[in-house]
Structures are given as structure tokens and as C-alpha cells.
Amino acid sequence: MSPPLEDYQKNFLDLAIESKALLFGSFKLKSGRVSPYFFNLGLFNTGKLLSNLATAYAIAIIQSELKFDIIFGPAYKGIPLASIVCAKLAEIGGSKYQNIQYSFNRKEPKDHGEGGNIVGAALSGKRVLIIDDVMTAGTAINEAFQIIDNEKGKVVGVIIALDRQEIVNLDDADNLSATQIVSKKYEIPVLSIVSLANIVQHLDGKISSEDKAKIDEYRQTYGV
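The rules we used
- Residues numbered from 1 in each chain as written.
- Predicted model: local features only at pLDDT ≥ 70, side-chain atom pairs only at ≥ 80, totals over all residues.
- Heavy atoms only, no water.
- Phe/Tyr/Trp six-rings, centres within 6.5 Å; stacked < 30°, edge-to-face > 60°.
- Helix = DSSP H or I, 4+ residues; strand = E, 2+ residues; numbered from the N terminus.
- Buried < 20%, exposed > 50% of the residue type's maximum accessible area, 1.4 Å probe, protein only.
- Polar contact = N/O pair within 3.5 Å; in protein donor to acceptor, adjacent residues only side chain to side chain.
- Salt bridge = Lys/Arg side-chain N within 4 Å of Asp/Glu carboxyl O.

Participant: Give a detailed account of the packing of aromatic side chains, specifying residues and quantitative values.
Facilitator: Tallied over the entire structure, the rule returns seven aromatic pairs. Measuring from centroid to centroid gives 5.6 Å for F12 and F44, while their planes differ by 15°, and the two rings are stacked. Pair noted here: F12 is in helix α1 (residues 7-18) and F44 is in the loop between β2 (34-39) and α2 (47-64), with a separation of 32 residues, a long-range link. What makes F44 buried here is its relative accessible area of 3%. Seen from their ring centres, F68 and Y97 are 6.4 Å apart, and the 45° between their planes marks the pair as tilted.

In C-alpha cells, the structure reads:
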């Protein structure tokens, strides 16, 4: 049984429902699977929602006690996440987080001015925490690792909002999720604000029995 959710996790999930960032029904994913739920962090798009989102990320990071210098947000969704979470860490994290920097990449390298494809703090020689919304196949995260490696930075962890806890390849005997694959491949922790198990736990009795049954069935097939 999962441990009780903390207040910041409950608040995050309640706001995800309120903003319709978390929906239940039938949704075709990029992988081709039909999921009984869909999560779109882009709908955390007001000042209130962004502030609460940043707080949830910041608390999860602080509790991890991970040591890092820079938060890196892969373009595009990671860009606002890196900046707001960096600011929130300085606000609530105490002195050790006052000088955390943020950085993100351009999709197209700039060929004038200072040039390059990195905006914000330089990554060279720095410990980097990658921030993103979800991790489905790990493709975007792998690209971020390559960018950071090219800039001579060192990735020490990844944090996402939701861990879908979903097997990437059913034909793979290891039955690993995207977060587990990335963690194993790069030997780093992959943190999350909440997981699918947390969603089920928090919303038990708050969603219809039909939606709950569909999620249970989906987890039986694809869950790690």
C-alpha cells in the first residue's frame, strides 16, 4: 500500500482536476495505446496554478535532498517550468537554494549575438537537474542529456510532474517504465510530484466506478 499523500501532492491533484489538466475518459496516446486518463500540464496556465505547481515541484526537490547547481528545462514545456521552480526554490527553500540557476535550450541555434542554443546559465562543469512534465518514452529526456553533455554539464537527476508507471515495451522481459529505464541507463534518480498510484489513491471514491475500473484494467495491462 502506498504511503499517505502529503498536502502538496493532494493540492496538486485537486488543482489538476479543477483545471482539467487531468481528465478521465478514452485518449489515444502518441504510443498508440488508448489510455483511460490524460494529463496536460499546459493547462496550469494561470498565476494561481503556476504558483502552486512550482511549490509542488520545489517541495519534491527539497525533500529529495538532491545536490545540483542548475535546473534545465528542455524546450518547450520545460522552459517555464525551469524558471518558475528556480524562483520558488529561492522563495521557500532557504539559503542553499538562493543561487540555483536555470537554463534552457533553443530549438534552433542562434547564429548572431552571443550565438549558441543555450539560454540562461552556462552548463559547463555544473550539476544539472532536468525538469519536465511527464516521461512517456524518454525520448525528450535523452535529447536533453545529449544537449547537456555537449555543453560539458553533468546530469544528476530528473524531476517530472507525473510518473505514469507504465511499461514502455511489453515485449521487453524487464518490463520497465520510462522513468525506470532513464534511471537505470544514466544511474540517476528520477523524481516526480505524483505517480499514477497516487492518482488512484487520492481519487478513490471521487471518480466514477467506470473510470476507476478502466484505470485498474489499464494498470493490469501496462503497469509496472
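Participant: Break down the side chain of R164 for me, with residues and values.
Facilitator: On the secondary structure map, R164 appears in the loop between β7 (154-163) and α5 (178-186). Owing to a relative accessible area of 8%, R164 belongs among the buried residues under this scheme. Here S35 takes part through its side chain, which lies 3.1 Å from a polar atom of the side chain of R164. In this structure the side chain of R164 is engaged in a polar contact, spanning 3.0 Å, whose partner is the side chain of E166.

Participant: Describe the pattern of salt bridges, naming the residues involved and giving the relevant values.
Facilitator: Oppositely charged side chains can form a pair if their charged atoms are brought close together. According to the stated counting rule, one finds nine salt bridges in the structure shown. E18 is the partner of K48 in a salt bridge, and the nearest nitrogen-oxygen pair spans 3.1 Å. Of the two residues, K48 sits in helix α2 while E18 sits in helix α1, which places them 30 residues apart along the sequence. The partner of K88 in a salt bridge is E91, with the nearest N and O atoms 3.6 Å apart. Linking K88 with E91, this pair stays in helix α3 (residues 78-92), spanning three residues, or about one helical turn. Exposure remark for E91: the relative accessible area of 59% places this residue in the exposed category. A cluster of three or more residues bridged by salt bridges with shared partners is formed by R33, R164 and E166.

Participant: Give me unusual backbone geometry: which residues, what numbers.
Facilitator: Of note, the amide linkage connecting A75 to Y76 takes the cis form, showing an omega dihedral of 5°. Position of Y76 among the secondary structure elements: in the loop between β3 (70-73) and α3. One non-glycine residue, K152, lies in positive phi territory at about 70°. A positive phi angle, close to 50°, is found at N175, a residue other than glycine.

Read these as layout, nothing more, since geometry by itself doesn't imply function.
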